[in-house]
Amino acid sequence: MIEILNPSELARAKDTGALVADILQTLRSRTSVGTNLLDIDRWTKEMIVEAGAESCYVDYAPSFGRGPFGHYICTAVNDAVLHGLPHDYTLADGDLLSLDLAVSLEGVAADSAISFIVGESKPPESVALINATERALRAGIAAAGPGARTGDISHAIGSVLREAGYSINTEFGGHGIGSTMHQDPHVSNTGRPGRGYKLRPGLMLALEPWVMADTAELVTDADGWTLRSATGCRTAHSEHTIAITDDGAEILTLPSHARP
Ligand code: MG
Ligand code: MG
């Protein structure tokens, strides 16, 4: 199903987007060497409850996962990239952490992910991975607007990732979002321009380029949720929720310091 949001729903979507972005920035600022992934999950729960919002994850039980997710945020470290299940792990200097958060507020969901390096050391390969996903996300957003097609976004994202030297996994990508977290249309991280669903004002999309340093193959962790690179290489993930407007696309999950 594809949802087109009305102006009142879009206004609420901005509130949800701002909440998701602010929670992620707070988590980023609190996270340091010695932080446990379960602390991050607990802080997330506290902020969601405080805001009167609902987690999109706690009861999430898709066919590819093992039972309800049971946590409030995805925490993926180093070779883990998607659906990282929070567990008892203490972050070390140089760990590459991806946080992915979806929340619903007054019936409208928003979804965003950030990757960053914990501590002082900045391994060049990790920096390059993060930069590539952030650049690809910006390119995908720039390609979105009324009359553009999902294939234009996919092509823009894929071109940046390929030029940066990465191969692209097509099992998981971006998606429509609205009253629920995951909706049609699917927005692959690679594709052909001019193909796919034609975007129109009121459509909300979550765009989410993610890469693995030297492979496109995933393996599922023994926890039944966390997806890791098949080779053990490092990975990164960047995601924003956007709304198609009359004259372009508006990013709903910008952190407060970047909002207009
Ligand atoms: Mg997400
Ligand atoms: Mg998403």
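The structure under discussion appears in the preceding block.
Residues numbered from 1 in each chain as written. Chains lettered and ligands numbered in written order. Predicted model: local features only at pLDDT ≥ 70, side-chain atom pairs only at ≥ 80, totals over all residues. Heavy atoms only, no water.

**Q** Would you take a moment to explain the packing of aromatic side chains for this structure?
**A** The full count for this structure, using the stated rule, is five aromatic pairs. Taking 5.5 Å as the distance between ring centres and 80° as the angle between the ring planes, the aromatic pair formed by F64 and F172 counts as edge-to-face. Highlighted residues: F64 in the loop between strand 1 (54-55) and strand 2 (74-77) and F172 in the loop between helix 4 (150-163) and strand 6 (174-176), separated in sequence by 108 residues. The exposure class assigned to F64 is partly exposed, which follows from its relative accessible area of 39%. Centroid distance F64 to W225: 6.3 Å. Interplanar angle 85°. Geometry classified as edge-to-face. Taken together, the positions of F64 in the loop between strand 1 and strand 2 and W225 in the loop between strand 10 (218-220) and strand 11 (227-229) put the pair 161 residues apart, joining distant regions of the chain. A residue is classified by how much of its surface remains accessible, and W225, at 4% relative accessible area, is buried. Following the ring pairs from residue to residue traces out a cluster consisting of Y57, Y60, F64, F69, F172 and W225. (Phe/Tyr/Trp six-rings, centres within 6.5 Å; stacked < 30°, edge-to-face > 60°. Helix = DSSP H or I, 4+ residues; strand = E, 2+ residues; numbered from the N terminus. Buried < 20%, exposed > 50% of the residue type's maximum accessible area, 1.4 Å probe, protein only.)

**Q** Can you help me understand the sheet that holds strand 8 (residues 204-207) in this one?
**A** Hydrogen bonding along the main chain pairs the strands of a sheet, whether they run parallel or antiparallel. Ordered by their spatial adjacency, five strands build an open sheet running 7-6-8-13-14, and the pairing between neighbours is antiparallel. The strands lining the two open edges of the sheet, one partner per strand, are strand 7 (183-187) and strand 14 (248-251). Geometrically, the sheet is characterised by an average inter-axis angle of 30° between neighbouring strands, direction not taken into account. Running over the sheet, helix 4 touches strand 7 and strand 8 and is turned about 45° from strand 7. (Pairing = 2+ DSSP bridges. Axes fitted to C-alpha atoms, helices over the stretch in contact; angles between N-to-C directions. Contact = heavy atoms within 4.5 Å.)

**Q** Sorry, what's going on with the coordination of the magnesium ion (ligand 2) here?
**A** Tetrahedral coordination by four donors puts the ideal angle at the metal at 109.5 degrees, and octahedral coordination by six puts it at 90 or 180 degrees. Within the protein, D111 (OD), H175 (NE2), E208 (OE) and E239 (OE) serve as the donor atoms for the magnesium ion (ligand 2), at 2.1 Å. Counting along the primary sequence, the residues that act as donors to the magnesium ion (ligand 2) give the motif D-x63-H-x32-E-x30-E. Between the two metals, the magnesium ion (ligand 2) and the magnesium ion (ligand 1), the spacing is 3.1 Å, and D111 donates to both. You can see D111 sitting in strand 5 (residues 108-117) and its partner E208 sitting in the loop between strand 8 and strand 9 (210-212), a full 97 residues away along the chain. The two residues D111 and E208 agree in class, both being buried. (Donors = N, O, S within 2.8 Å, 3.2 Å for Na, K, Ca; no water.)

**Q** Quick question: what am I supposed to make of the coordination of the magnesium ion (ligand 1) here?
**A** On the protein side, the magnesium ion (ligand 1) has D100 (OD), D100 (OD), D111 (OD) and E239 (OE) as donor atoms, found 2.0 to 2.6 Å from it. Here the donor residues of the magnesium ion (ligand 1) share one chain and are spaced in sequence as D-x10-D-x127-E.

By themselves, these observations are geometric and do not establish any function.
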